Amino acid sequence: MKRLIERSRSVGEVLRWVTQNPGKVSASHYPIALHKLGQLLQQQPGPPMGAGDGRGPAGQVLEQPEFHALCQAIVSGCAKFDNFSIVNCLYAAAALGLPGESPLVRVLEDESRSRLGRFNQKDVSMVFSSEANNKALEAIFSSQLFYENRQERFIRSMAEWLPRKAENLTPYTMALIAKYVARHRLREPRLLDTIANFLLKRGEQLDSKVIQKLVFPFSRMNYRPSNHGELFPKLEAILEQKASSSPLATVNILMSMFQLSHFPQTVLHQVFSPGFITNVMSSPYALIVRRYLSLLDAAVELEFREYSGPRLDPRYRVLMFEHALTADEANRKYSYKGLVAEALRQLVGEECYRQDEVLPPGYCTDFLLWINRSGTVLPLSRVPAASRAPPATSPVTMSLRSSVLALTSDLQVVLSVNDKWHYCQNSDILVGSRAMRDRHLRLLGYCLVQLPYTELEKVSGIEEA
């Protein structure tokens, strides 16, 4: 049956072999049939598969009773399929352009989700790494099942062939890929450079919200694209024209560039201008934009001292975050902070440190301690309130604070527990937001002590293989 399907010369022949010989068709034959249908449809003239208008050969085939019978056979029997057949059918359905809400795709995704713990990643990656068209990639990266699970083999494979196909992808599909890469912290330079080249070529035609999605993986992975010398000035020029059309997207893009230590001066003139601020304050997203602008303003003070343009009015300044980050809260039970907290309780006592202290401009610190010049960790109740106060970003205050610390040699020490999700996947490179936080805390005068999870694993005795 496998050879008969593969040798079929028409869509009708494939459907006849499968639907008229149910007794001879096994689970492994269904994905072969779906793949063969896709190949034959690509060879026929007319609108591309998955165009969604129902016209042309592809639309006609998907409406044929024999095709519905094939889909129904898969739906009825997929619970008995092996894992490879399930995933292969799901990919083939995506390549055919079947919508995510179709009964076949829904059932296959549900069955796949129930088997995730038993999936062989090599088999899954081999299936997904097949060359796919824009519609298939869109379907794959739109799949909640795929989005929730990291497929590193697939991403590495895709990085090899995506540069050749990037010109044929839509901005929406490329944004889905960028979102997936950022979610799973996959620092794959070839893939990130492909996104950067796509952005360089099409940036002027894109909406600010799409640009934001394409830029985010660079800062998330703390990665400057190989074309950043061309890309960043191009983004600056685009933002100058579109800054006010989508203020939230604009400040998000600026934040990504700041995390990569790039400071677009002309755009800062715009976002700190009275007109931009007035427009933002009357919008439903006023608070979140104020948070971003406050952190950007603090970053200008700390890292872009040559900037001489307008700044954020002090009455609009707020903390970027008022508590631990969502990711840290969600992963608290997997964090090594509990281990470090217990060690501190035994070594110095609870009165000598603070946990999850938020310091201006809104950075949550894991543990904050005060150590005097003799090396003694002081109980915070004995530290003068003025000395204990978090440092301000005013140049005068910072200068004064530096002078006081120089005289006393006292240190405010931040213990930074760097858990696995603070790094790019399989890397010792911190994600961009964490790296910028560390830069800023050092510039504010704090002494940072890094506690990477790889070292804490050894101490706890649960080092990964």
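Look up: the structure comes first, before these words.
Residues numbered from 1 in each chain as written. Predicted model: local features only at pLDDT ≥ 70, side-chain atom pairs only at ≥ 80, totals over all residues. Heavy atoms only, no water.

Asks: Account for the environment of His262, naming residues and giving values.
Replies: Mapped onto the fold, His262 is located in the loop between α16 (247-259) and α17 (265-271). Separated by 41 residues in the primary sequence, His262 and Glu303 place their C-alpha atoms 9.8 Å from one another. Once residues lying within four places of it in the same chain are set aside, the contact partners of His262 are Arg224, Phe232, Glu236 and Met257. (Helix = DSSP H or I, 4+ residues; strand = E, 2+ residues; numbered from the N terminus. Contact = heavy atoms within 4.5 Å.)

Asks: How would you explain the sheet that holds strand β1 (residues 354-359) if you had to name every residue and give the values?
Replies: Sheet architecture is open: 4 strands sit in the order β1-β2-β3-β4, paired in mixed fashion. Edge positions in the sheet fall to β1 and β4 (447-452), since each has one partner strand and no second. On average, each strand axis in the sheet is inclined to that of its neighbour by 45°, with strand direction left out of account. (Pairing = 2+ DSSP bridges. Axes fitted to C-alpha atoms, helices over the stretch in contact; angles between N-to-C directions.)

Asks: Go over the nonpolar core with me, naming the residues and quoting the values.
Replies: Residues Phe141 and Met158 are the most contacted members of the largest nonpolar core, which totals 80 residues. The biggest single contributor to this core is helix α19 (residues 286-303), with 8 residues. When residues of this core are assigned to domains, at least three fall in each of domain 2 (128-318) and domain 3 (326-391 + 402-460). What Phe141 contacts, discounting residues up to four positions off in sequence, is Phe146, Phe154, Met158, Leu176, Ile177 and Tyr180. Tyr30, Leu96, Leu98 and Leu108 belong to the second largest nonpolar core, which has 33 residues in total. (Core = buried A, V, L, I, M, F, W, Y, C linked by side-chain atoms within 4.5 Å. Buried < 20%, exposed > 50% of the residue type's maximum accessible area, 1.4 Å probe, protein only. Domains from an automatic or database assignment.)

Asks: If you had to explain the packing of helix α5 (residues 65-77) against helix α7 (residues 103-114) to someone new, which residues and values would you point to?
Replies: As a packed pair, α5 and α7 sit with axes 10 Å apart at the nearest point and diverge in direction by 20°. Here α5 is positioned roughly parallel relative to α7, judged by the angle of their axes. For the element pair α5 and α7, the recorded crossing hand is left-handed. The segment α5 lies against α7, with Cys71, Ile74 and Val75 engaging Pro103, Leu104, Val107 and Leu108. The class makeup of the residues in the contact of α5 with α7 is 7 nonpolar, no polar and no charged. (Parallel < 35°, antiparallel > 145°, perpendicular 65-115°, else oblique. Left-handed = near helix turned anticlockwise from the far one by under 90°. Nonpolar A, V, L, I, M, F, W, Y, C, P; charged D, E, K, R; others polar.)

Asks: Which residues make up the side chain of Asp438, and what values do they have?
Replies: By the secondary structure assignment, Asp438 is in helix α24 (residues 432-443). Take Asp438: its relative accessible area is 2%, and that puts it in the buried class. Among residues more than four places away in sequence, those in contact with Asp438 are Ser416, Leu430, Leu448 and Gln450.

Asks: Describe the packing of helix α15 (residues 228-242) against α16, and please don't skip the residues or the numbers.
Replies: Viewed as axis vectors pointing N to C, α15 and α16 meet at an angle of 155°, and their least axial separation amounts to 11 Å. Taken together, α15 and α16 sit at an angle that is classed as roughly antiparallel. In this structure, the crossing between α15 and α16 has a hand that is left-handed. Residues Phe232, Leu235, Glu236, Leu239 and Lys242 of α15 form the contact with α16, whose own contacting residues are Thr250, Ile253 and Met257. Split into classes, the residues belonging to the contact of α15 with α16 amount to 5 nonpolar, 1 polar and 2 charged.

Asks: I'd love a proper account of unusual backbone geometry, names of residues and values included.
Replies: Glycine aside, a negative phi is what most residues show, and trans is what most peptide bonds show. That bond from Pro360 to Pro361 is cis: its omega, 10°, falls within 30 degrees of zero. With respect to the element layout, Pro361 can be found in the loop between β1 and β2 (363-371). Within the chain, Asn222 stands out as a residue other than glycine whose phi angle is a positive 55°. Positionally, Asn222 belongs in the loop between α14 (208-220) and α15. The class for Asn222 is partly exposed, based on a relative accessible area of 23%.

Asks: I'd like to hear about the packing of aromatic side chains, residue by residue, with values.
Replies: In total, this model carries 7 aromatic pairs according to the counting rule given. Relative to Phe304, the ring of Phe263 lies with its centre 5.4 Å away and its plane at 15°, an arrangement referred to as stacked. Of the two residues, Phe263 sits in the loop between α16 and α17 while Phe304 sits in the loop between α19 and α20 (326-330), which places them 41 residues apart along the sequence. For Phe263, a relative accessible area of 16% gives the class buried. Accessibility expressed as a relative area gives 7% for Phe304, which makes it buried. Measuring from centroid to centroid gives 5.8 Å for Tyr353 and Phe367, while their planes differ by 65°, and the two rings are edge-to-face. Linking Tyr353 in the loop between α21 (337-347) and β1 with Phe367 in strand β2, this pair joins segments that are 14 residues apart in sequence. In this structure, Tyr353 and Phe367 share a single accessibility class: buried. Here a set of aromatic residues connected by ring pairs shows up, and it is made of Phe258, Phe263, Phe304 and Tyr307. (Phe/Tyr/Trp six-rings, centres within 6.5 Å; stacked < 30°, edge-to-face > 60°.)

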